[in-house]
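Residue-level listing of the chains:
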Amino acid sequence: MIKPVSISIQNTQDGFAIVEAILADNPEATSNPLPAMTKVDCPGRLVIRADSVSERLGREWDPQEIHLSVISLSGSVDEDDGSLIIFWR
Amino acid sequence: MTPRKMSLKQKYGAYTRGLDWKPTYQREDDVFPFAKYEGIKIHDWDAWEDPFKLTMDAYWKFQAEKERKLYAVIDSMAQNNGQLGITDARYLNAVKLFIQGVTPLEYQAHRHFAHLARHLPGAGLRVAAQMQSIDELRHCQTQIHTISHYNKYFDGIHDFTHMHDRLWYLSVPKSFFDDATSAGPFEFLTSISFAFEYVLTNLLFVPFMSGAAYNGDMATVTFGFSAQSDESRHMTLGLEAVRFLLEQDEANVPIVQGWIDKWFWRGYRLLSLVGMMMDYMLPKKVMSWGEAWETYYEQAGGALFADLARYGIREPKYADVAKAEKGHMTHQAWGIFYNYTHAAAMHTWDIDEAHMAWLREKYPDTFAQHYEPRYRKWREQAEEGKRFYNNGLPQLCQVCQIPMAFTEVGDPNTISFRVSEHGGDRFHTCSDGCKDIFDHEPEKYAQAWLPVHQIFQGACGGATLPEVLDWYHINQGADNMDYAGSPEEEQWNRWMEGRRPVVPVAAE
Ligand SMILES: [Fe+2]
Ligand SMILES: [Fe+2]
Ligand SMILES: [Zn+2]
């Protein structure tokens, strides 16, 4: 079984762009809307690419800005200058 | 030479380990006196690396931004009569339970993470604990600021810290946290950061905040999400801290497993209050406790424990009991509150037909058979003017402190209780999970401050109920009893009356 990872994001302008970017960059990701938030699930591994989010927001988005939009996650995290990855080891 | 911009990883290293030093004129063991007594062995503190490479400068920047967003909403609530936007005044009882039961825990977390920020020998973990300590203080403060708006109009909120220290149902969350803060630093990390924040917190905050959003409580959603954004960092800390302990020495594995078993069960029992809130206190419901348990524990937890299996960690003991009980727990918890509404600083109510239909649908195997007849009987009694109040004091579990009303697994007609002997006394617990915890450290739990025992010992203001309620600071006739007939109901109806259209709308 491939273990699922997930991230829940606030339904805000930034949040919508992050969810859109995740869905575009992770073909296996699915989104589940809940009141005020969206939970994105993906088998095994999920990447949030800064350039993808920036493109959708029309401004430079720093992966550390994830701290302003994230509600919860399931999995381990690795963060660098261009992306944030959620994965199981 | 022009200075080059550091990468995130270099910057993180410089701002954590780069600031650390080795003591020279004091022994390491004297500087960190709590680091070893639990038996945890750490060989290389430098192996710790925070997955979110957040440094203090960036931390202040993002936290300030979160506060700006939150306070804009708080101001807007105050300026626009935000209290009128909620679906129904009964909803507010969930907020009461939150500020009475959870907000004081945020403060406790603040204090104890400050302790860890001083006493953990690794610099990376100390910095993470320092940030978390500040986060938790922020959570406490922003919750108080936000909910103070409701305190102007609603009962039961006015003296929450006093109530937290005294009320029978609030001793459940209070004793949970006291248990954690009186443990060693690694048990605390495993209990709060891992078992509670990583494994179980989604069950507290996510349904709570979604419920608030769905019920028009903009303010609670905003502080909740603001706190949750820190929580993701706390959860990650919990997971990585446990992984770090497991990787450092094989001898740590059984110790950590014991803590996981204990704190899973402690956390699960604590969540019975949250499950009850989800199934009974939200006028518009988001998901049932049973569904939330499946999504956030069975699925997410399943992946987690499959991942930790490589270290020899298994699923928490008694997770199967939690699974088997999920169709019963919340109904039994609501029953306790209905029985003792005269002694609680929140309201209960009759379960109406639409609500019963929802419960039948969500709990097809249990509700109609075991709980619906009970509610119908209670309604009948109330209609005859004989609303049932339990005037006896319940026995409490020595560990989780919940009134002994949960039933045996597979036998919902028999109350579950266990007995242990220690020092010539008998101690009662509600389940195998709580009994194991008691038997492992009887010297600790024998000292529990149990609200019912304290009343019988004369330590709670007097021998009569009104005296005890005064000692609780319950404003009798307003804070307690059913919603029907309360000053809050009268106020809400008056508000809603004023909001109906003045000119009758012509029928189509
Ligand atoms: Fe918190
Ligand atoms: Fe936290
Ligand atoms: Zn118990």
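Computed from a predicted model, the values in this text were never measured in an experiment. (Residues numbered from 1 in each chain as written. Chains lettered and ligands numbered in written order. Predicted model: local features only at pLDDT ≥ 70, side-chain atom pairs only at ≥ 80, totals over all residues. Heavy atoms only, no water.)

## A short note on the overall build of chain A
Line of reasoning, step 1. Helices and strands together make up the secondary structure of chain A, namely three helices and seven strands.
Line of reasoning, step 2. When the helices and strands of chain A are read in sequence order from the N terminus, they spell out β-α-β-β-β-α-α-β-β-β.
Line of reasoning, step 3. Compactness check: chain A gives a C-alpha radius of gyration of 12 Å against a globular reference of 12 Å for 89 residues, within 12% of the reference.
Line of reasoning, step 4. Taken along its principal axes, the extent of the C-alpha atoms in chain A is 40 × 30 × 20 Å.
Line of reasoning, step 5. Residues counted as buried form 61% of the 89 residues belonging to chain A.
Line of reasoning, step 6. Expressed as a percentage of contacts within chain A between residues at least 6 apart in sequence, the contacts between residues at least 24 apart total 61%.
Line of reasoning, step 7. Accessible area of chain A: about 3,600 Å², with a carbon and sulfur share of 51%. (Helix = DSSP H or I, 4+ residues; strand = E, 2+ residues; numbered from the N terminus. Rg over C-alpha atoms; globule rule 2.2 N^0.38 Å. Buried < 20%, exposed > 50% of the residue type's maximum accessible area, 1.4 Å probe, protein only. Contact = heavy atoms within 4.5 Å. Areas by Shrake-Rupley, 256 points an atom, 1.4 Å probe, with all protein chains shown as cover.)

## Concerning the confidence of the model for chain A
Line of reasoning, step 1. Residues of chain A with pLDDT of at least 70 account for 99%, and the chain-wide mean is 93.
Line of reasoning, step 2. The least confident element of chain A, judged by mean pLDDT, is strand S6 (residues 76-79) of chain A at 89; the most confident is helix H2 (residues 50-57) of chain A at 97. (pLDDT = per-residue confidence, 0-100.)

## Remarks on the coordination of the iron ion (ligand 2)
Residue and element names in this part refer to chain B.
Line of reasoning, step 1. Looking at the iron ion (ligand 2), one finds its protein donor set to be Glu136 (OE), Glu197 (OE), Glu231 (OE), Glu231 (OE) and His234 (ND1), positioned 1.9 to 2.7 Å from the metal centre.
Line of reasoning, step 2. We note that the donor set of the iron ion (ligand 2) lies within a single chain, spaced as E-x60-E-x33-E-x2-H.
Line of reasoning, step 3. In this structure the iron ion (ligand 1) is found 3.4 Å away from the iron ion (ligand 2), and Glu136 serves as a bridging donor for the pair. A residue pair is termed long-range when its members are at least 10 positions apart, and Glu136 in helix H6 (residues 123-151) and His234 in helix H10 (residues 218-248) qualify at 98 residues.
Line of reasoning, step 4. By relative accessible area, His234 is classed as buried at 1%. (Donors = N, O, S within 2.8 Å, 3.2 Å for Na, K, Ca; no water.)

## A few points about the packing of helix H4 (residues 92-101) of chain B against H6(B)
All names here are of chain B.
Line of reasoning, step 1. Running from N to C, H4 and H6 cross one another at 145 degrees; their axes reach a closest spacing of 11 Å. By crossing handedness, the relation of H4 to H6 is classed as left-handed. When H4 is examined against H6, the residues Leu92, Val95, Phe98 and Ile99 are found in contact with a partner set consisting of Gln143, Ile144, Ile147 and Tyr150.
Line of reasoning, step 2. When grouped by side-chain class, the residues that make up the contact of H4 with H6 number seven nonpolar, one polar and no charged. (Axes fitted to C-alpha atoms, helices over the stretch in contact; angles between N-to-C directions. Left-handed = near helix turned anticlockwise from the far one by under 90°. Nonpolar A, V, L, I, M, F, W, Y, C, P; charged D, E, K, R; others polar.)

## Section: the pattern of salt bridges
Residue and element names in this part refer to chain B.
Line of reasoning, step 1. Within this structure, the stated rule accounts for 52 salt bridges over all chains.
Line of reasoning, step 2. Linking Asp179 and Lys262 is a salt bridge whose minimum nitrogen-to-oxygen distance equals 3.3 Å. Of this pair, Asp179 sits in helix H8 (residues 171-181) while Lys262 sits in helix H11 (residues 252-270); the two residues are 83 residues apart in sequence, bridging distant segments of the chain.
Line of reasoning, step 3. Residue Asp179 is classed as buried on the basis of its relative accessible area, which comes to 4%.
Line of reasoning, step 4. A salt bridge links Lys362 to Glu361, with the nearest nitrogen and oxygen atoms 3.9 Å apart.
Line of reasoning, step 5. On the basis of relative accessible area, Lys362 is assigned to the partly exposed category, the value being 23%. (Salt bridge = Lys/Arg side-chain N within 4 Å of Asp/Glu carboxyl O.)

## Notes on the sheet that holds strand S2 (residues 30-34) of chain A
Whenever strands of a sheet pair, they do so through backbone hydrogen bonds, lying parallel or antiparallel.
Line of reasoning, step 1. Here we have four strands laid out as an open sheet, ordered S2-S3-S1-S5 (chain A), and antiparallel in their pairing. This sheet does not close on itself; its edge strands, each paired only once, are S2 and strand S5 (70-74) of chain A. Strand-to-strand twist in this sheet, taken as the mean axis angle between neighbours without regard to direction, amounts to 15 degrees.
Line of reasoning, step 2. Direction of pairing for strand S1 (residues 4-10) of chain A relative to strand S3 (residues 37-43) of chain A: antiparallel, over a ladder of seven bridges. Each bridged residue has a counterpart across the sheet, and for A:Ser6 the counterpart in S3(A) is A:Asp41.
Line of reasoning, step 3. Along the sheet, helix H9 (residues 185-214) of chain B makes contact with S2, S3 and S5 of chain A, crossing S5(A) at roughly 145 degrees.
Line of reasoning, step 4. Relative to S3(A), helix H13 (residues 289-308) of chain B is tilted by about 35 degrees, and along the sheet it contacts S1, S2, S3 and S5 of chain A. (Pairing = 2+ DSSP bridges.)

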